[in-house]
Amino acid sequence: MDGETDGRHIILHPPEHFEGMRAAGRLAAMTLDMIAPHVRSGVTTGELDRLIHQFTLDHGAVPATLNYRGYPKSSCISINHVVCHGIPGERRLHDGDILNIDVTSILDGWFGDSSRMYVVEPIARRASMLIDVTYEALQRGLAAVRPGRTLGDLGHAIQSYVEQQRFSVVRDFCGHGVGQRFHEAPNILHFGKPGQGTVLAPGMFFTIEPMVNAGRPDVKILEDGWTAVTRDRSLSAQFEHMIGVTEDGCEIFTLSPGGLHKPPYS
Ligand code: MF3
Ligand code: CO
Ligand code: CO
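Now for a look at the structure at hand. In this text, all values refer to a predicted model and were calculated from it rather than measured experimentally. (Residues numbered from 1 in each chain as written. Chains lettered and ligands numbered in written order. Predicted model: local features only at pLDDT ≥ 70, side-chain atom pairs only at ≥ 80, totals over all residues. Heavy atoms only, no water.)

Here we take up helix α3 (residues 125-143). Over its 19 residues, α3 extends 27 Å from the first C-alpha to the last, a length consistent with the 27 Å expected when each residue adds 1.5 Å. The complete set of buried residues in α3 reads A127, L130, I131, V133, T134, Y135, A137, L138, G141 and L142. (Helix = DSSP H or I, 4+ residues; strand = E, 2+ residues; numbered from the N terminus. Expected span 1.5 Å × (residues − 1). Buried < 20%, exposed > 50% of the residue type's maximum accessible area, 1.4 Å probe, protein only.)

Right under this line is the structure:
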């Protein structure tokens, strides 16, 4: 790989690059809005994936996950104790399921990456609490972003809040730089120490996507090579936004146009 993209160099994007990310991020967010009414008892995750695939193509974009390092589908759908990278298929949703749907659209060369939680009501009180804490953890992470602060500050904001709520932060997966590539520098850890790590600067584009477990943080990968689950089979939740660092904070590229920020959505 070349020096720009070897995983060390963090690209500082000029203001004109924000427009491409706005469009790609907005499409990912629209896709997550579109799927909300389809998340119902009885539907299969494969059916949800097909809707996402078609919606993405209909809007002039390509699903980034399809054939990415051999990944076979156009979205990741991670139910209950699945932490991330659940592969859509024949699994039907049932009352009480909580799930993350993660979509990435490539629009005019820019990657739009976002995920949210969805629920099939009624859900357990603890599941609802986990979703609320994970949502708030992402908000705390977003609020920690401004030039001069560090990635350690960001990770600490998330970790300290989650652990105060007696849940745990997954260590095995992280957020990532994003732009004209799916995953690039820097890694965005959702834990850390204040003042440590890379100093944030205007023009950095990255995701924040904390995975929070109701039990222990440990994960394992199933035999399909993708599906990550909690080792203790406790519930897991995740929300993901894609942002650009600005002069005084950050711009969120993946806000829901329909106001579907956190479930329940109806
Ligand atoms: N969208 C995921 C992320 O947030 C990546 C999924 S890669 C896949 O980074 F291959 F698992 F689809
Ligand atoms: Co991501
Ligand atoms: Co994602």
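This part covers the coordination of the cobalt ion (ligand 2). Bound to the cobalt ion (ligand 2) on the protein side are D113 (OD), H176 (NE2), E209 (OE) and E240 (OE), at distances that span 2.0 to 2.2 Å. Binding-site remark: the cobalt ion (ligand 2) is held by donors from one chain whose sequence spacing is D-x62-H-x32-E-x30-E. On the basis of relative accessible area, H176 is assigned to the buried category, the value being 4%. (Donors = N, O, S within 2.8 Å, 3.2 Å for Na, K, Ca; no water.)

Quick look at the site of ligand 1 now. The environment of ligand 1 is formed by 14 residues, the closest being D102, H176, H183, E209 and E240. In the model, an oxygen atom of ligand 1 is placed 2.8 Å from a nitrogen or oxygen of the E209 side chain. Between ligand 1 and E240, the relevant distance is 3.0 Å, taken from an oxygen atom to a side-chain nitrogen or oxygen of the residue. Across the complex, the protein chains shield 96% of the 330 Å² of accessible surface that ligand 1 would expose by itself. A breakdown of the residues in the shell around ligand 1 according to their chemical character gives five nonpolar, five polar and four charged. (Near = heavy atom within 4 Å. Polar contact = N/O pair within 3.5 Å; in protein donor to acceptor, adjacent residues only side chain to side chain. Areas by Shrake-Rupley, 256 points an atom, 1.4 Å probe, with all protein chains shown as cover. Nonpolar A, V, L, I, M, F, W, Y, C, P; charged D, E, K, R; others polar.)

Positionally, I123 belongs in the loop between β5 (110-119) and α3. Residue class for I123 comes out partly exposed when judged on its relative accessible area of 23%. For the pair I123 and R40, spaced 83 residues apart in sequence, the C-alpha separation works out to 13 Å. Excluding anything up to four places from it in sequence, I123 contacts G96, D97, I98, S128 and I131. (Contact = heavy atoms within 4.5 Å.)

What follows is about the coordination of the cobalt ion (ligand 3). For a metal with four tetrahedral donors the ideal donor-metal-donor angle is 109.5 degrees, whereas six octahedral donors ideally subtend 90 or 180 degrees. Here the cobalt ion (ligand 3) is held by D102 (OD), D102 (OD), D113 (OD) and E240 (OE), and the distances to it run 2.0 to 2.4 Å. Classification of the site at the cobalt ion (ligand 3) as irregular follows from its six donor atoms and the range of 58 to 167° in their angles at the metal. In this model, the cobalt ion (ligand 3) sits 3.3 Å from the cobalt ion (ligand 2), the two metals being bridged by D113. In this pair, D113 sits in strand β5 while E240 sits in the loop between β13 (236-238) and β14 (241-245), placing the two residues 127 residues apart along the sequence. Per residue, the accessibility class of D113 equals that of E240, and both read buried. (Tetrahedral: all angles 85-135°; square planar, octahedral: opposite > 155°, others 65-115°.)

Summed over all chains, the structure comprises eight salt bridges. In this structure, E19 engages R22 in a salt bridge whose closest nitrogen and oxygen atoms are separated by 2.7 Å. Placement of both E19 and R22 in helix α1 (residues 17-35) is noted, with a separation of three residues, approximately one turn of the helix. Here R22 falls in the partly exposed class, since its relative accessible area comes to 32%. As a salt-bridge pair, D33 and R116 come within 2.7 Å of each other at their nearest N and O atoms. In this pair, D33 is assigned in helix α1 and R116 in strand β5, connecting sequence segments 83 residues apart. There is no split in this pair, since D33 and R116 are both buried. Taken together, the shared-partner salt bridges connect E19, R22 and E251 into one network. (Salt bridge = Lys/Arg side-chain N within 4 Å of Asp/Glu carboxyl O.)

Put simply, α3 and helix α4 (residues 151-164) touch, their axes get as near as 8 Å, and they point 155° apart. Considered as vectors, α3 and α4 are oriented roughly antiparallel to each other. Considering only the axes of α3 and α4, their crossing is right-handed. Between α3 and α4, the contacting residues are V133, E136, A137, R140 and G141 on the first element and L154, A157, I158, Y161 and V162 on the second. Of the residues belonging to the contact of α3 with α4, the class tally is seven nonpolar, one polar and two charged. (Axes fitted to C-alpha atoms, helices over the stretch in contact; angles between N-to-C directions. Parallel < 35°, antiparallel > 145°, perpendicular 65-115°, else oblique. Left-handed = near helix turned anticlockwise from the far one by under 90°.)

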